[in-house]
Amino acid sequence: MELKYVDSKAISMCKSVGMEMMKFSSSFLDSKLKFGVNVAPKFCSCKGLSVKASYSRTSYDATSSVTKKNFLVDTFSYQINGTNRTGLYFRDKWVLDASDDEYGGVLVNAERLPSNPGKFTSVLRASLAHWKVKGKKGVWLKLPVEKCDLVPIAVKEGFQYHHAEKGYVMLTYWIPDEPCLLPSNASHQVGVGGFVINDKNEVLVVQEKHSAPALSGLWKIPTGFILESEEIFTGVVREVKEETGIDTEFVEVMAFRHAQNVAFEKSDLFFVCLLRPLSKHIKVDDLEIKAAKWMPLVEFVEQPLIQGDDMFKKIIDIFIARLGKRYCGLSVHQLVSKFDDKLSTLYFNTVDDPDLNCEAS
């Protein structure tokens, strides 16, 4: 890397020995380059003609220009469709605005993306060349819905889909010629189920409006998915409230199930939780739930679908053992870790009794 002064005269000298300017508009050249400063030819070292070579950064102090502004210029070589090219561009105009991540990559600023597809194409190519010379690795490109017409351009340049949300699609590009180390999209969905039992030994159960034919007629515990940035212990309380109208207090996680390829080829984590009821009156959610009621525990356990399914039956066995103080679940403990200085929830068993005489606290 070297520092050197360059102006329109020096640029012309570079062009005369084969350097190809990027596609600046004539108005841009007129306003940014033609400062009329005399610079000796020795300041124009046309490095970057070799494909694998070369990168130089140029600081231009436009003291004689009307703009009185400093511009940072990069000289680089790159390939487009197998053709070797070199370019010179102003960094503040021709490299996408991005910040470094902690893993040697860059995060493109979605708010400052060019809206014009043609300009985006040129700037994206120049940016990739710039980041390659800088030794960057992964590129994260977040394209908002309002700029969805830029997605095909990025894909054509080698970007791959990573994930999508309501307002954007995230694409990635791995620069080094080595195995990609960028993390994959979220691989799991997290579900919760609430065992709620009252002082009459009755279980809060529901029948869903939409279920698989094999589960038709089954009375089951309230279940659902936790939301983004929601804790397991708060998510299960919310789900029970939404489906049945019953207020509850979280006691502990009794068990969890891990299954593969459940929905959209994602894995599924399902946490079965013990809850204490704080209210009695049921108010059914008409959108999802067909019916809800308090069912005697014995009647709940004797359902043919429960008795005929190993998974359901084992969960019931765990629940009954917990009620009989012969099993200990995982209670909630919130701690701050120095790794990220954030509050995290740790679920663990704190019982010291070797006989496992557990009591819900």
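Residues numbered from 1 in each chain as written. Predicted model: local features only at pLDDT ≥ 70, side-chain atom pairs only at ≥ 80, totals over all residues. Heavy atoms only, no water.

A. How the structure looks around the sheet that holds strand β9 (residues 188–196). Spatial ordering of the open sheet is given by β11-β9-β13-β12, a layout of 4 strands whose pairing is mixed. Each of the sheet's edge strands pairs with one partner strand only, and the pair in question is β11 (223–225) and β12 (248–263). For this sheet, the mean inter-axis angle between neighbouring strands, taken without regard to orientation, is 25°. Both β9 and strand β13 (residues 266–277) contribute to a ladder of 9 bridges, which runs parallel. Its bridge partner lying in β13, Q189 is registered against D268. Helix α6 (residues 232–244) rests against β9, β11, β12 and β13 of the sheet, and its axis sits at about 65° to β9. In the packing of helix α9 (residues 310–323) onto the sheet, the strands contacted are β9, β12 and β13, and the crossing angle to β12 comes to about 160°. (Pairing = 2+ DSSP bridges. Helix = DSSP H or I, 4+ residues; strand = E, 2+ residues; numbered from the N terminus. Axes fitted to C-alpha atoms, helices over the stretch in contact; angles between N-to-C directions. Contact = heavy atoms within 4.5 Å.)

B. Quick peek at the sheet that holds strand β7 (residues 160–165). The strand order across the open sheet formed by 5 strands is β4-β5-β6-β8-β7, and the pairing between neighbours is mixed. Whereas interior strands pair on both sides, the edge strands pair on one side only; in this sheet they are β4 (98–100) and β7. Across the sheet, the mean angle from the axis of one strand to that of its neighbour is 20°, orientation sign disregarded. Helix-sheet contacts for helix α4 (residues 117–133) involve β4, β5 (106–108), β6 (138–144) and β8 (168–174), and the interaxial angle to β6 is about 160°.

C. Summary view of the packing of aromatic side chains. Taken as a whole and assessed by the stated rule, the structure comprises 5 aromatic pairs. Ring centres 3.9 Å apart and planes at 15° place the aromatic pair F195 and F319 in the stacked group. Note that F195 is positioned in strand β9 and F319 in helix α9, a separation of 124 residues in sequence. The pair formed by F195 and F319 is uniform in burial state, with each residue classed as buried. With centroids separated by 6.0 Å and ring planes inclined at 55°, the aromatic side chains of F233 and F250 adopt a geometry described as tilted. Of the two residues, F233 is situated in helix α6 and F250 in strand β12; the sequence distance between them amounts to 17 residues. (Phe/Tyr/Trp six-rings, centres within 6.5 Å; stacked < 30°, edge-to-face > 60°. Buried < 20%, exposed > 50% of the residue type's maximum accessible area, 1.4 Å probe, protein only.)

D. Representation of the pairing of β12 within the structure. Across 11 bridges, β12 lies against β13 in antiparallel orientation. Residue pairing across strands places R257 opposite F270, the latter belonging to β13. Turn length for the β12-β13 hairpin, with the two strands adjacent in sequence and antiparallel, is 2 residues, and the turn residue F264 shows positive phi of about 55°.

E. Just the nonpolar core, in detail. Ranked by size, the top nonpolar core spans 22 residues in total, and within it W131, V139, L141, L143 and F159 carry the most contacts. Of all the secondary-structure elements, those providing two or more residues to this core are β5, α4, β6, α5 (151–156) and β8. Looking at this core element by element, the count peaks at 5 residues for α4. Ignoring anything within four residues of it in the chain, the contact list for L143 reads L113, L150, V151, Y168, V169 and L171. (Core = buried A, V, L, I, M, F, W, Y, C linked by side-chain atoms within 4.5 Å.)

F. Examining the pattern of salt bridges more closely. Summed over all chains, the structure comprises 12 salt bridges. D247 serves as the salt-bridge partner of K241, at 3.0 Å between the closest nitrogen and oxygen. The partner of R257 in a salt bridge is D268, with the nearest N and O atoms 2.2 Å apart. Here R257, found in strand β12, pairs with D268, found in strand β13; they are 11 residues apart in sequence, far enough to count as distant. On the basis of relative accessible area, R257 is assigned to the partly exposed category, the value being 29%. For D268, a relative accessible area of 4% corresponds to the buried category. (Salt bridge = Lys/Arg side-chain N within 4 Å of Asp/Glu carboxyl O.)

G. Examining the pairing of β9 more closely. Across the 9 residues of β9, 7 count as buried, placing the element largely inside the fold. Here β9 runs beside β11; their pairing, made up of 3 bridges, is antiparallel. Its bridge partner being in β11, V192 is matched across the sheet by G224.

H. Spotlight on the confidence of the model for the protein chain. On average, residues of the protein chain carry a pLDDT of 77, and 71% of them reach 70 or more. Counted against residues more than four places away or in other chains, residues 1–74, with its pLDDT under 50, gives 147 contacts. Below a pLDDT of 50 lies the segment residues 88–92, which in the model reaches 35 contacts outside its immediate sequence neighbourhood of four places, other chains included. (pLDDT = per-residue confidence, 0-100.)

I. Focus on the environment of L141. Take L141: it is sitting in strand β6. The sequence separation of L141 and V108 amounts to 33 residues, and the corresponding C-alpha distance is 5.4 Å.

J. Main features of α9. Over its 14 residues, α9 runs 20 Å from end to end, which matches the ideal 20 Å to within 8%, given 1.5 Å per residue. Three or more residues of α9 are buried, namely I315, I316, I318, F319, A321 and R322. Its side-chain oxygen at 3.0 Å from the backbone nitrogen of M311, D309 defines the N-terminal cap of α9. (Expected span 1.5 Å × (residues − 1). Polar contact = N/O pair within 3.5 Å; in protein donor to acceptor, adjacent residues only side chain to side chain.)

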